[in-house]
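# Observations on the three-dimensional arrangement
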Amino acid sequence: MSTLTLDQAHSAIDFQIKHMMVSKAKGEFTDFNIEVNGDFTDLESAKITATIPVQSIDTGNEDRDNHLRAGDFFEAETYPNMIFESKSIQKVDDDEYKITGDFTIKGVTNEETFNVEYNGTSKSPLDGSTVAGFDVTGKVNREAYGMTYNAAMETGGLMLGKDVKFEGNFEFIVSE
């Protein structure tokens, strides 16, 4: 049985949302942890928990970040973490999986399914450790989590899209 330990220095969670009907606002979460319990050689039986402190949101604009942390969006003081807990992992292809689980944001839990691509393993030239890489993509409807803040545009439509797309790139250290 092997254990996966997140290497956060070589991992990232990025997101984007439609802005003003014509562009995308982008950002990242700079702090997160992913725990994998189970045998690395049998990913379908693993249990995965991802914890993302919403205080770590970074869009490159401090005023926007503070607004996102406030009550219109994440309400970070009351709900400090987003948490995803896997319920099932289904192998789709040699290196592709679907992971389904409960995602809790702002005190609201919904079942979500995300795409996972397994990028393989490699030996680190620095210390000889084995590392494994995964990419996770998906989208969530922010309004399903009580984040309904928006503004009507003078030209029609709304300032913010409902769907938040994200991509996570994760490197883990594999130990026996």
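Residues numbered from 1 in each chain as written. Predicted model: local features only at pLDDT ≥ 70, side-chain atom pairs only at ≥ 80, totals over all residues. Heavy atoms only, no water.

Turning our attention to the overall build of the protein. Scanning the protein from terminus to terminus reveals one helix and eleven strands. Starting at the N terminus and walking to the C terminus, you meet the elements of the protein as β-β-β-β-β-β-α-β-β-β-β-β. Taken against the 2.2 N^0.38 rule, which gives 16 Å for 176 residues, the C-alpha radius of gyration of the protein at 17 Å falls within 12% of a compact globule. With respect to the principal axes defined by its C-alpha atoms, the protein has extents near 55 × 30 × 30 Å. A total of 176 residues make up the protein; the buried ones form 38% of that total. Counting only contacts in the protein whose residues sit at least 6 apart along the sequence, the fraction spanning at least 24 positions is 55%. Accessible surface, the protein: about 9,900 Å² in total, of which carbon and sulfur atoms supply 47%. When the 15 basic and 32 acidic side-chain charges of the protein are each reduced to a single mean position, those positions are 7 Å apart. (Helix = DSSP H or I, 4+ residues; strand = E, 2+ residues; numbered from the N terminus. Rg over C-alpha atoms; globule rule 2.2 N^0.38 Å. Buried < 20%, exposed > 50% of the residue type's maximum accessible area, 1.4 Å probe, protein only. Contact = heavy atoms within 4.5 Å. Areas by Shrake-Rupley, 256 points an atom, 1.4 Å probe, with all protein chains shown as cover. Lys, Arg positive; Asp, Glu negative; His and termini not counted. Charge placed at Lys NZ, Arg CZ, Asp CG, Glu CD.)

Evaluated as defined, the whole model comprises five salt bridges. Where Asp 163 meets Lys 139, a salt bridge forms, and the shortest distance between an N and an O atom there is 3.7 Å. On the criterion of sequence distance, the pair formed by Asp 163 in strand E11 (residues 160-175) and Lys 139 in strand E10 (residues 130-141) is long-range, its members being 24 residues apart. One network of salt bridges, with partners in common, ties together Lys 87, Asp 102 and Glu 111. (Salt bridge = Lys/Arg side-chain N within 4 Å of Asp/Glu carboxyl O.)

A word on a negative patch on the surface. Residues Asp 93, Asp 94, Glu 96 and Glu 117 make up a contiguous surface patch of negative charge. Along the polypeptide, Glu 96 turns up in strand E8 (residues 96-105). What makes Glu 96 partly exposed here is its relative accessible area of 38%. (Patch = residues over 30% accessible without salt bridge, like charges linked within 9 Å, V, L, I, M, F, W, Y side chains within 5 Å.)

Relative to the assigned elements, Asn 119 resides in strand E9 (residues 108-123). The class for Asn 119 is partly exposed, based on a relative accessible area of 44%. Along the primary structure Asn 119 and Asp 95 are separated by 24 residues, whereas in three dimensions their C-alpha atoms are 7.0 Å apart. For Asn 119, the residues in contact, after removing those within four places along its chain, are Gly 133, Phe 134 and Asp 135. One polar contact links Asn 119 to Asp 135, side chain to side chain, over a distance of 3.3 Å. (Polar contact = N/O pair within 3.5 Å; in protein donor to acceptor, adjacent residues only side chain to side chain.)

By secondary structure assignment, the location of His 67 is in helix H1 (residues 62-69). With relative accessibility at 28%, the residue His 67 sits in the partly exposed group. Those residues in contact with His 67, other than ones at most four positions away along the chain, are Asp 72, Phe 73 and Tyr 149.

In this structure the tally under the stated criterion is eleven aromatic pairs. Aromatic side chains Phe 32 and Phe 170 sit 5.9 Å apart centroid to centroid with 75° between the ring planes, which places their arrangement in the edge-to-face category. Of this pair, Phe 32 sits in the loop between strand E3 (23-29) and strand E4 (33-37) while Phe 170 is found in strand E11, placing the two residues 138 residues apart along the sequence. For the pair Phe 32 and Phe 170, a shared accessibility class is recorded, and that class is buried. Where Phe 84 meets Phe 114, the ring centres are 5.4 Å apart and the plane angle is 50°; that geometry is what we call tilted. Linking Phe 84 in strand E7 (residues 81-91) with Phe 114 in strand E9, this pair joins segments that are 30 residues apart in sequence. Of the two residues, Phe 84 and Phe 114, neither departs from the other in class, the shared state being buried. (Phe/Tyr/Trp six-rings, centres within 6.5 Å; stacked < 30°, edge-to-face > 60°.)

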